[in-house]
Amino acid sequence: MGVYVLGIAGASGAPYARRVLEQMLVAGHDVKVVITDAGRKVLEVEENLVLTGNTEADTPVLLEWSQSEQSTDSVEMYHHKDVASPIASGSFPFDGMVVVPCSGGTLGRIAHGISSGLLERAADVCLKERRRLVLVPREMPISLIHLRNMTSVTEAGAIVLPASPGFYHNPTGIDDLIDMVAGRILASLGIESLVMKPWFGPEPSSYSDSEEGIH
Ligand SMILES: Cc1cc2nc3c(=O)[nH]c(=O)nc-3n(C[C@H](O)[C@H](O)[C@H](O)COP(=O)(O)O)c2cc1C
């Protein structure tokens with residue numbers, strides 16, 4: 001099974017991270033987690049998840065939050081200042097990384113190679129080793145600076161996957177919207193999941209004959 005890095009930065013969208021973590025574990029992968037200080041703040045605000053920054057104590061709390069039934073062996077947390085941890089080195093093999101949610105600040109630092117913490121360094125490693133890196137920014141509206149940073153990371157090989165769920169699957173609740181983003185993230189990393197619902201066109205009954213052909 002694979003080894004994936006899950007970075008959580010301080011943008012809105014903590015529920016996406018929860019679903020991605022759960023599904024990575026359900027698929028049998030090992031997950032290395034690194035969370036910025038602002039990421040911890042957002043987890044508290046949006047998910048009522050209180051992490052102390054002590055990774056040993058936080059690991060079981062994070063695992064319970066993910067709602068997966070995997071043992072703590074599958075999840076390893078690193079402190080975002082621990083730049084001596086394995087994922088800071090290209091010599092440590094991992095299959096890919098996602099930063100979800102990704103703040104404008106973290107996006108900018110990755111785009112400029114400013115590895116001031118472990119999350120950015122691990123992303124930098126992904127780019128230099130030509131490994132899959134998925135960044136999930138959440139901002140509205142977005143500035144020219146954000147756009148330029150998205151262009152830079154895309155040119156360097158990353159996938160920018162904005163947290164903007166579509167509505168063509170006729171979501172019936174927030175969970176469906178979360179799954180739409182989480183499913184695309186997992187698919188971009190090459191991880192199979194039931195969360196990803198491919199689009200095969202509209203149900204025949206969902207539009208009338210007179211509307212046929214109008215899209
Ligand atoms: C509740 C909350 C929501 C936030 N939402 C966003 C957001 O959606 N996008 C963003 O770029 N920053 C957002 N921020 C601001 C970032 O957290 C802030 O810029 C921080 O310095 C980013 O740090 P990091 O990149 O180290 O995680 C939010 C902050 C808080 C507390």
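Residues numbered from 1 in each chain as written. Predicted model: local features only at pLDDT ≥ 70, side-chain atom pairs only at ≥ 80, totals over all residues. Heavy atoms only, no water.

A.B. asks: Would you mind showing me how to read helix α7 (residues 174–188) here?
C.D. replies: Since one α-helical turn is 3.6 residues long, residues separated by three or four positions face the same way. In a regular helix each residue adds 1.5 Å, so 15 residues correspond to 21 Å; α7 covers 22 Å between its end C-alpha atoms and thus fits that length. Within α7 the residues assigned to the buried category are Ile 178, Asp 179, Met 180, Val 181, Ala 182, Gly 183, Ile 185, Leu 186 and Ser 188. (Helix = DSSP H or I, 4+ residues; strand = E, 2+ residues; numbered from the N terminus. Expected span 1.5 Å × (residues − 1). Buried < 20%, exposed > 50% of the residue type's maximum accessible area, 1.4 Å probe, protein only.)

A.B. asks: Explain the site of the ligand to me, please; I cannot follow it from the model alone.
C.D. replies: Neighbouring the ligand are 13 residues; Gly 10, Thr 36, Ser 103, Gly 104 and Thr 106 lie closest to it. Between the ligand and the protein, one listed contact pairs an oxygen atom with a side-chain N or O atom of Ser 103 at 2.5 Å. Residue Arg 109 places a side-chain N or O atom 2.9 Å away from an oxygen atom belonging to the ligand. Taken by itself the ligand offers 650 Å² of open surface, and the protein chains cover 64% of this. (Near = heavy atom within 4 Å. Polar contact = N/O pair within 3.5 Å; in protein donor to acceptor, adjacent residues only side chain to side chain. Areas by Shrake-Rupley, 256 points an atom, 1.4 Å probe, with all protein chains shown as cover.)

A.B. asks: Any chance you could explain empty space enclosed by the protein here in plain terms?
C.D. replies: Rolled over the atoms, a probe with the dimensions of a water molecule shows which regions are left empty. Here the structure, examined in full by the defined rule, presents 2 cavities of 30 Å³ or more. Its volume calculated, the largest cavity comes out at about 80 Å³. Ile 35, Arg 40, Leu 51, Gly 53, Thr 55, Asp 58, Met 77, Tyr 78, His 79 and His 80 are the residues that line the largest cavity. Put simply, the parts of the chain that give the lining of the largest cavity at least two residues each are α3 (55–66) and β3 (75–79). It is β3 that provides the largest number of residues to the lining of the largest cavity, a total of 3 residues. For the lining of the largest cavity, the per-class residue count stands at 4 nonpolar, 4 polar and 2 charged. Considered as a void within the structure, the second largest cavity measures approximately 40 Å³ in volume. What lines the second largest cavity is Cys 102, Ser 103, Gly 104, Leu 107, Pro 137, Arg 138, Glu 139, His 146 and Met 150. Looking at the lining of the second largest cavity, the elements with two or more residues in it are α4 (104–111) and α6 (144–155). Residues belonging to the lining of the second largest cavity are distributed by class as follows: 4 nonpolar, 3 polar and 2 charged. (1 Å grid on protein atoms, 1.4 Å probe; cavity = no way out; pocket = protein on both sides within 12 Å on 5 of 7 lines; lining within 4 Å. Points joined across faces, edges and corners; volume = space filled by probe spheres on them. Nonpolar A, V, L, I, M, F, W, Y, C, P; charged D, E, K, R; others polar.)

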